[in-house]
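# Working through the structure, step by step
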Amino acid sequence: MKSLSLSLLTVTVLLCCNITQPRFWERTVIVKSGFCPEYHLSCPFVLLSKCKRDRGCKGNKKCCFYNCQMRCVEPWATLD
């Protein structure tokens, strides 16, 4: 009984933190310079992603759809 009340108290406190402080759970957005390479390939299927966002890529690489999957690639400086 004591562990149940402690669990309920913990859940209540966490919910209150989430309601009163919504930014508490947010992460900062990292925007890397450059553009994703544009290659128009027809993909018969899409492979599993190797990244989800730019922050998951090391250095100045960006997370882009390239060669039928999301992966970290060197960005283009311009779209020309």
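Residues numbered from 1 in each chain as written. Predicted model: local features only at pLDDT ≥ 70, side-chain atom pairs only at ≥ 80, totals over all residues. Heavy atoms only, no water.

By the naming in an unreviewed UniProt entry, the protein chain goes by WAP four-disulfide core domain 15B and is assigned to Peromyscus maniculatus bairdii.

With that settled, the discussion passes to the state of the cysteines. Using the criterion set out here, one finds 4 disulfides in the structure. With its sulfur 2.0 Å from that of its partner, Cys-36 forms a disulfide with Cys-64. What sets the handedness of the Cys-36 and Cys-64 disulfide is the S-S torsion sign, and at about -75° it is left-handed. In this pair, Cys-36 sits in the loop between helix H1 (2–20) and strand S1 (62–66) while Cys-64 sits in strand S1, placing the two residues 28 residues apart along the sequence. On the accessibility criterion, Cys-36 (28% relative accessible area) is partly exposed. (Disulfide = S-S within 2.5 Å. Helix = DSSP H or I, 4+ residues; strand = E, 2+ residues; numbered from the N terminus. Buried < 20%, exposed > 50% of the residue type's maximum accessible area, 1.4 Å probe, protein only.)

Summed over all chains, the structure comprises 1 salt bridge. The partner of Asp-54 in a salt bridge is Lys-62, and the shortest N-O contact between them spans 3.0 Å. Of the two residues, Asp-54 and Lys-62, neither departs from the other in class, the shared state being buried. (Salt bridge = Lys/Arg side-chain N within 4 Å of Asp/Glu carboxyl O.)

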